[in-house]
Amino acid sequence: MSTSNNLTIAAILAKIVPYLAQKGIRNPRLEADLLLAFVLGLPRVKLYSEWDRPLNPDEVQRYREIIIKRIQGWPLAYLTGKKSFLSWEFIVNPAVLIPRPETEELVDAVVTAVKGRKQLSGVDVGTGSGVIAIALAKLLPDSYWQAVDISAAALEVAQTNANNLEVADRIRFVQGDLLQPLLGTDQQFDLIVSNPPYIPSSQIAGLQPEIGKEPVLALDGGPDGLEFYRRLLPQVDQLLVEGGLVALEHGYDQREPLTALWNEAGYNCTSLSDLSGLDRILIARKCH
């Protein structure tokens, strides 16, 4: 890729859009725009009202560097440091998984499942950037949350997002492995939600290069992808009130073994599909 100084916004985009397309970027126009808007510190729409604005050499160089990183497989969200989730914008960095539409559906499913209930207490297990706990705190204004993650770096991102979205007073961020830090505290919860690692270990190496830039800790679900669900279940059993709900995101081919696992432990299970029609969400109610 070559660029020259004194290019206008229009001229540099005319070079970069076909270059990104040639390199296999799926939405080259959108990504070229978003990355240039990020470099210039502008909203994307402003690019078009400043179409003939010349770029200075430093802007051209910084744009060139960020385009190279994108071609090398760095996800757009990590390069811009932000990702939209439902109607909010979250800070993200390589310490956390990039939020995905399937997780938006998990949040929607939880809100539907608890409709009409008040003063809910919940836990988000493996909170990452905090999107689940924060979105549910926004959508369920009288709910209170514990958000647990093993990564201190992830919790720092989540805390910043909670502060920015003004729900930090209703979320307590806790470092630890799954629900371990909450065990033995006499706390009980109405709702436990998680998007745990669920990709089988043997498939990690074959993931798209972009996904390979995300924290493996948030992806690797053990030999069959179900390790974290098995570890989570007995902990959930200690902390969830009778009649309480567990809401779990899972792989498209994991519904049957997961349902069997939770049924055997005395939970009534409901399976939900994502917008692509794939099994994706398990809602389990504690009945013992």
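Provided above is the structure to which this section pertains.
The paragraphs below set out a description of the structure included in this document. (Residues numbered from 1 in each chain as written. Predicted model: local features only at pLDDT ≥ 70, side-chain atom pairs only at ≥ 80, totals over all residues. Heavy atoms only, no water.)

### Structural notes on the environment of Gly244
Turning to step 1, where the next piece is worked out: With respect to the helices and strands, Gly244 occurs in strand S7 (residues 240–249).
Turning to step 2, where the next piece is worked out: Taking relative accessible area as the criterion, Gly244 reaches 0% and is therefore assigned buried.
Turning to step 3, where the next piece is worked out: With 41 residues separating them in the primary sequence, Gly244 and Arg285 have C-alpha atoms 5.7 Å apart.
Turning to step 4, where the next piece is worked out: Look past the residues within four positions of Gly244 in its chain and what remains in contact with it is Asp190, Ala284, Arg285 and Lys286. (Helix = DSSP H or I, 4+ residues; strand = E, 2+ residues; numbered from the N terminus. Buried < 20%, exposed > 50% of the residue type's maximum accessible area, 1.4 Å probe, protein only. Contact = heavy atoms within 4.5 Å.)

### Some remarks on the side chain of Arg70
Turning to step 1, where the next piece is worked out: Tracing the chain through its elements places Arg70 in helix H4 (residues 57–71).
Turning to step 2, where the next piece is worked out: Look past the residues within four positions of Arg70 in its chain and what remains in contact with it is Ile25, Glu31, Leu35, Pro75, Leu76, Leu79 and Glu210.

### What about the pairing of strand S2 (residues 88–91)?
Turning to step 1, where the next piece is worked out: The side-chain alternation of S2 yields one buried face, formed by Trp88 and Phe90, and one unburied face, formed by Glu89 and Ile91.
Turning to step 2, where the next piece is worked out: As judged from the four bridges shared by strand S1 (residues 82–85) and S2, these two strands associate in the antiparallel manner. Counterpart to Lys82 in the pairing with S2 is Ile91.
Turning to step 3, where the next piece is worked out: The antiparallel pairing of S1 with S2 creates a hairpin that spans two residues between the two strands, and Leu86 there sits at a positive phi of about 55°. (Pairing = 2+ DSSP bridges.)

### Points about the side chain of Glu214
Turning to step 1, where the next piece is worked out: Secondary-structure assignment places Glu214 in the loop between helix H10 (209–212) and helix H11 (227–239).
Turning to step 2, where the next piece is worked out: We classify Glu214 as buried; its relative accessible area is 5%.
Turning to step 3, where the next piece is worked out: Contacts of Glu214, omitting those with residues within four sequence positions, involve Tyr78, Leu97, Ile98, Arg100 and Leu219.

### Let's talk about the nonpolar core
Turning to step 1, where the next piece is worked out: Residues Leu136, Trp145, Ile171 and Val193 are the most contacted members of the largest nonpolar core, which totals 32 residues.
Turning to step 2, where the next piece is worked out: For this core, the element with the highest residue contribution is helix H7 (residues 131–139), accounting for seven residues.
Turning to step 3, where the next piece is worked out: Excluding anything up to four places from it in sequence, Leu136 contacts Val107, Val110, Val111, Ser143, Trp145 and Val193.
Turning to step 4, where the next piece is worked out: Of all hydrophobic cores here, the second largest spans 26 residues; its members include Phe189, Val236, Tyr267 and Ala284. (Core = buried A, V, L, I, M, F, W, Y, C linked by side-chain atoms within 4.5 Å.)

### Quick look at H4
Turning to step 1, where the next piece is worked out: With 15 residues, H4 ought to run about 21 Å at 1.5 Å a step, and its terminal C-alpha atoms sit 21 Å apart, in line with that.
Turning to step 2, where the next piece is worked out: Among the residues making up H4, those that are buried are Glu59, Val60, Tyr63, Ile66, Ile67 and Arg70. Within H4, the buried residues cover an arc of 135° as seen down the axis, which keeps them to one side.
Turning to step 3, where the next piece is worked out: Each element contacted by the buried residues of H4 is listed here: helix H1 (9–22), helix H2 (28–40), helix H5 (76–80) and H10.
Turning to step 4, where the next piece is worked out: Where H4 starts, the residue carrying a side-chain oxygen 3.0 Å from the main-chain nitrogen of Asp58 turns out to be Asn56. (Expected span 1.5 Å × (residues − 1). Arc of directions from axis to C-beta. Polar contact = N/O pair within 3.5 Å; in protein donor to acceptor, adjacent residues only side chain to side chain.)

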